[in-house]
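# A structural walkthrough
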Amino acid sequence: MIRLAWRQFRSQAALALVALAALAVVVAVTGANLAHLYDTTVAPCNAGGGDCQAVGVSLLSTDLSLQLVLSAIVLAAPALVGIFWGAPLIARELETGTFRLAWTQSITRTRWLAVKLGVVGLSGMAIVGLLSLMVTWWYGPIDRVSMNEFQPGVFDARDIVPIAYAAFAIALGITAGLVIRRTTAAMAATMVGYVGALLVVTSLAGPYLMPPAHANVPLSSASDLGFDPGPTLVAGAPDIPNAWVLSSQIVDGSDQAPSQTAMAQFIQTACPKVFGSASQVGGQLKGPADATAFHDCIVQLSSKYHEDVTYQPADRYWVFQWCESAIFLGLAVILAGVSFWWIRRRV
Amino acid sequence: MIEFHLDARSGVSPYLQIVHQVRHALRLGLLSEGDQLPTVKQVVARLAINPNTVLKAYKELEHAGLVASRPGIGTFVTTTLSDASLASHGALRQDLERWLAKARLAGLDDESIEALFGDVFRSAAQRGVA
Amino acid sequence: MTAVLRASGLGKRYGRNWALSDCTISVPAGQVVGLVGPNGAGKTTLLHLAAGLLAPTSGTIEVLGGRPLDGPAQLRRVGFVAQETPVYAGLSVADHLRLGVWLNPGWDNDLAERRIEQLSLDPKQKAGKLSGGQRAQLALTLAIAKRPQLLLLDEPIASLDPLARREFLQGLMVVVAEQGVSVVLSSHLVGDLERVCDYLIVLVASRIQVAGEIDQLLASHHRLIGPRRDPGRMPANQEIIQASHTDRQSTLLVRTDEPIIDPSWAVEQVSLEDLVLAYMGRTADADRRPALSEVRS
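Residues numbered from 1 in each chain as written. Chains lettered and ligands numbered in written order. Predicted model: local features only at pLDDT ≥ 70, side-chain atom pairs only at ≥ 80, totals over all residues.

## Some words on the overall build of chain C
Looking only at helices and strands, one finds nine helices and 13 strands in chain C. Against the globule reference of 19 Å for 297 residues, chain C gives a C-alpha radius of gyration of 21 Å, in line with a compact fold. With the C-alpha coordinates of chain C rotated into their principal frame, the extents come out at 65 × 40 × 35 Å. Going through the 297 residues of chain C one by one, you find that 46% of them count as buried. (Helix = DSSP H or I, 4+ residues; strand = E, 2+ residues; numbered from the N terminus. Rg over C-alpha atoms; globule rule 2.2 N^0.38 Å. Buried ≥ 20, exposed ≤ 12 C-beta atoms within 10 Å, placed from the backbone.)

Rendered as structure tokens:
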């Protein structure tokens, strides 16, 4: 049965290997180039101290389109193997009636399913694994500069989680195909189910997988500082290198979020030059013309307010990689179990 | 070696048709003693009929003493039908010709003659006379 | 005689619809069995139950002394060709033979290759490019090369042209002659079955209407033609299958094991086709008497 499963899977595997090989060439060449660039511009700058922001930005904008392409490929790959390898695997046989040929030879349906699942599942995981390996290596220099590996969108395209995503997507595809019995509908269901599951797990993992850490951060470190009508102070989350920042809010000295009126009052008292009268309907005041006044205002506000940041610290990156992988592998195993049950009882 | 054919519309069961065709071949001298009949596999491959049908026919012929089967080799003719050839039933021929003349005089056309003969033949067969 | 297929009260339901109801049958071994009935009568359902592709909703089914869903040993003994003879379009003829080798411990590859050669099939040809007749022959080859004891064929010749049909049946009969395999073959056409089958099952509207050896069936069914007669006045040992009346004349198709002694009837033989048609057209009405038991050999 293994040989039959390979024979049926042959052309799909070949296509993937050819594509992977072509990509490997591109990655090898451009990646070596990136690494060289890092070694000659960023590394010496960091070693020498001083402001390395310019060289960093320069590195980050190298091969921008290739960055997008590679990220997209790794993010999409698990879904693609699930949709194009997993969903049709059983659905096509049910649709064309060839299952009636396969199930009346001398092997049981469960063995037939197990081998197909094994061959395609492991192949999918291997291909995606190789892909992730290549892209993670390629992004090395960039990740060292931008330090955002733990952020969603980057985390999902690095190291081992894509492998688990692929396992899940394939198991989902196979189960969908078995239950729905129509290839195109199963492919659609797999896509929807995969994206949904990914969104759910990712949004729950941050706050719940491990209790997040908190930090008090001065207003000056916040990004996107500004004023909304009220006036209210608004601020984005600060940049914590290699950490996963979940949320942030502006709090006062006793870690309470201030009421709108209290904050408005304080702002107007502390920053008379910026907010002259009580009836000022302000917009964002970040322009260079008001830079000094703005800066002084922030200093004044910092005596009362700071940011409370909720985040997962950088040293938990690998814990999260393993845990999320375990979750998706677990889901894959559950789905596989469902499909074995289904093929025995319901078809 | 003779070849069989099957008339699906004749109303005669297939195995009987085979029996008749063997007897007919024997009568016509197409088969003589020692000749081999087609194997079951050969018959079946040509006619697409059930092998049991052929076996039944050959068994009946064997029962009638006309053929003998040698396991692993085939079925062979053991006798020729009594040397009565069609030409030698002189008396019967004459009776028949006389009857036909009478039937025509009575006003029967070809179809009526055939129908009458067929009817009498069949009912006599049922009574075990023919 | 050992039964190659035995069912007792066998039924299969989909939702509220019974595809097969209350089937009780005992099919003897070493025969070619014709399963006849109109489309949708339940022939495919019965074959799928026997092949282990479906599980019964009610009743039991036994094939070669074992249950169809028992496992690989059972699967090995039964060869199945599904309707429309599905094959893997992207795989070649040779690949399909390899499929046979890989999936069947009892595979006879010499037999398979010999047959492919006799049929003049190109081993490298993709199965999707074969004609209907060639596909049917390939599917049959796959089923017989695993050396089963029973062959189940679901309308294998329905969509074939007359020549392909004849060639398929010739090949099948040669296999039966050589291997002594039992066959159950379904069709909605009677003509081809007549020359090939020794046993007949008529399945109409999910129920078995009649079953028995063809010789016995033909011997026990008669057409009676005579003056108009009320069917209620027929003897109890004659089951009326079909009746039609004009103002003067009645034509009845009856089933009986006893001789017809009433001299007012002209008694005729019934062809197998007419017999099957009569059962197919049979409706539940006053003309029908309680059914006689299955004709035994």
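## Some thoughts on the overall build of chain A
Secondary structure summary: chain A contains 10 helices and five strands in total. At 26 Å, chain A has a C-alpha radius of gyration far larger than the 20 Å of a compact globule built from 347 residues. For chain A, the spread of C-alpha atoms along the three principal axes comes to 85 × 50 × 30 Å. The buried share of chain A, reckoned over its 347 residues, is 34%. Here the analysis covers contacts within chain A between residues at least 6 apart in sequence; of these, 79% occur between residues at least 24 apart. (Contact = placed C-beta atoms within 7 Å.)

## Brief notes about the domain arrangement of chain C
All names here are of chain C. Its domain assignment divides chain C into domain 1 (3-205) and domain 2 (217-280). The C-alpha-based centres of domain 1 and domain 2 are spaced at 35 Å. At the level of secondary structure, the elements contributing two or more residues to the side of domain 1 that touches domain 2 comprise helix H7 (191-196) and strand S8 (199-204). The dominant element in the side of domain 1 that touches domain 2, judged by the number of residues it contributes, is S8, at three residues. (Domains from an automatic or database assignment.)

## Considerations on the interface of chain C and chain A
Taken together, the 20 residues of chain C in the interface contact 15 residues of chain A. Contributions of two or more residues to the side of chain C that touches chain A are made by helix H2 (72-77) and helix H3 (93-103) of chain C. The dominant element in the side of chain C that touches chain A, judged by the number of residues it contributes, is H3(C), at four residues. For the side of chain C that touches chain A, a count of residues per class yields 14 nonpolar, two polar and four charged. (Nonpolar A, V, L, I, M, F, W, Y, C, P; charged D, E, K, R; others polar.)

## Quick word on the nonpolar core
Where a protein is soluble and globular, its nonpolar side chains tend to be buried together. Ranked by internal contacts, the top residues of the largest apolar core, which has 177 residues, are Ala166(A), Ala167(A), Val33(C), Leu152(C), Met173(C) and Val183(C). At 15 residues, helix H6 (residues 161-180) of chain A tops the list of elements feeding residues into this core. Counting 13 residues, the second-largest nonpolar core is a separate cluster that includes Leu225(A), Met263(A), Cys271(A) and Ile298(A). (Core = buried A, V, L, I, M, F, W, Y, C linked by C-beta atoms within 7 Å.)

## A word on the domain arrangement of chain A
Residue and element names in this part refer to chain A. Domain parsing of chain A yields domain 1 (64-211 + 317-345) and domain 2 (213-315). Computed from C-alpha coordinates alone, the two centres of domain 1 and domain 2 are separated by 42 Å. At the level of elements, helix H7 (183-208) and helix H10 (317-345) are the ones that each hand at least two residues to the side of domain 1 that touches domain 2. Each residue belonging to the side of domain 1 that touches domain 2 can be placed in one class, and the counts come to six nonpolar, two polar and one charged.

## Topic: the sheet that holds strand S3 (residues 32-36) of chain C
Adjacent strands of a sheet form backbone hydrogen bonds with each other and so pair up, either parallel or antiparallel. Residue and element names in this part refer to chain C. Strand order in the open sheet formed by six strands is S5-S6-S7-S3-S8-S9, and the pairing between neighbours is mixed. Of all the strands in the sheet, just strand S5 (78-81) and strand S9 (207-213) have a single pairing partner and so form its edges. The sheet shows a mean angle of 15° between the axes of neighbouring strands, taken without regard to direction. Across four bridges, the pairing between S3 and S8 is parallel. (Pairing = 2+ DSSP bridges. Axes fitted to C-alpha atoms, helices over the stretch in contact; angles between N-to-C directions.)

## Points about the interface of chain B and chain C
Counting residues at the interface gives 13 residues for chain B, matched by 15 residues for chain C. Where the side of chain B that touches chain C is concerned, the elements lending two or more residues are helix H2 (40-47) and helix H3 (51-63) of chain B. Residue contributions to the side of chain B that touches chain C peak at four residues, all from H2(B). The residue makeup of the side of chain B that touches chain C, split by class, is nine nonpolar, three polar and one charged.

## Here we look at the sheet that holds strand S10 (residues 221-227) of chain C
Residues and elements named next belong to chain C. Taking strand neighbours across the sheet as the criterion, the four strands line up as S11-S12-S10-S13 in an open arrangement whose pairing is antiparallel. Each edge of the sheet is formed by a strand with only one pairing partner; in this case those strands are strand S11 (239-245) and strand S13 (266-269). Each adjacent strand pair in this sheet contributes to an overall mean axis angle of 25°, direction not counted. With seven bridges connecting them, S10 and strand S12 (residues 249-255) associate as antiparallel partners. What sits directly across from Gly-226, in S12, is Ser-250.

## Regarding the arrangement of the chains
Comparison of the two pairs of chains in contact shows the highest number of contacts for chains A and C. No part of chain A reaches chain B; the closest C-alpha pair between them is 25 Å apart.

## Overview of the confidence of the model for chain C
For chain C, the average pLDDT comes to 87, and 95% of its residues sit at 70 or higher. For this predicted complex, the interface confidence comes out at an ipTM of 0.88, alongside a pTM of 0.84. (pLDDT = per-residue confidence, 0-100.)

## Focus: the pairing of strand S1 (residues 67-70) of chain B
Residue and element names in this part refer to chain B. As judged from the four bridges shared by S1 and strand S2 (residues 74-77), these two strands associate in the antiparallel manner. Across the sheet, Ala-68 pairs through a bridge with Phe-76, a residue of S2. Two successive antiparallel strands, S1 and S2, enclose a turn made up of three residues, where Gly-72 displays a positive phi of approximately 85°.

## Here we look at unusual backbone geometry
Residue and element names in this part refer to chain C. We note that Thr-85 has phi near 35°; this positive angle belongs to a residue other than glycine. Looking at the secondary structure, you find Thr-85 in the loop between S5 and H3. Despite not being glycine, Arg-147 has its phi angle at roughly 55°, a positive value. Along the chain, the position of Arg-147 falls in the loop between helix H5 (132-145) and strand S6 (150-154). Looking at Arg-147, the number of C-beta atoms within 10 Å reads 15, which means it is partly exposed.

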